[in-house]
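Structural characterization, general
The primary structure of each chain is shown beneath.
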Amino acid sequence: QLNKLSKEDLVAMAEKLHLEKAGLVKQLEELAQSNKGYESLVKNLQSQVQTMQDAHERELTILHEESVSKSLDQDYSMALVELENKRLRDEIAAYAVYQEHSANLTTALETLQTKVPMLAEAHHMPAPTI
């Protein structure tokens, strides 16, 4: 088919193809420039995402550390309460022993108060006052 075309037609076709090629090269350069812009945008977005992930990780670390700290505070408070309860139980036990000794002394004193006058009377002595 090219053999049937005249030289002028071939030159016109060559010029047309040359212009189309120039247009396509220009489009290609514009697309390449746009691609660079999009690559820059993607890098920027990746950087923002990484910054946000780092911030979230730091926040989670802080929350975890606060949780551990609160847990340790609660453990410490529980230990203090347990120690205070033990101290109070010991104090109650000591008070019970004191009450028992007091009751024994009261019983012994009452026994003496009843026996001394009887002994004094038996030995013809005046009864001492207790």
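Residues numbered from 1 in each chain as written. Predicted model: local features only at pLDDT ≥ 70, side-chain atom pairs only at ≥ 80, totals over all residues. Heavy atoms only, no water.

Topic: the environment of Ala96
Summarising the element assignment, Ala96 is placed in helix H1 (residues 7-122). Its relative accessible area of 40% is what places Ala96 among the partly exposed residues. Between the C-alpha atoms of Ala96 and Leu10, which are 86 residues apart in sequence, the distance is 125 Å. (Helix = DSSP H or I, 4+ residues; strand = E, 2+ residues; numbered from the N terminus. Buried < 20%, exposed > 50% of the residue type's maximum accessible area, 1.4 Å probe, protein only.)

Brief notes about the pattern of salt bridges
According to the stated counting rule, one finds 3 salt bridges in the structure shown. One salt bridge connects Glu84 with Arg87, and the closest N-O pair in it is separated by 2.6 Å. A residue pair is termed a helical-turn pair when its members lie 3 or 4 positions apart in one helix, as Glu84 and Arg87 do in helix H1 at 3 residues. Here Lys86 ties to Asp90 by a salt bridge, and the two come within 3.7 Å at their closest N and O atoms. Of this pair, Lys86 and Asp90 both sit in helix H1, separated by 4 residues, roughly a single helical turn. Overlapping salt bridges bring together Glu84, Arg87 and Glu91 as one network. (Salt bridge = Lys/Arg side-chain N within 4 Å of Asp/Glu carboxyl O.)

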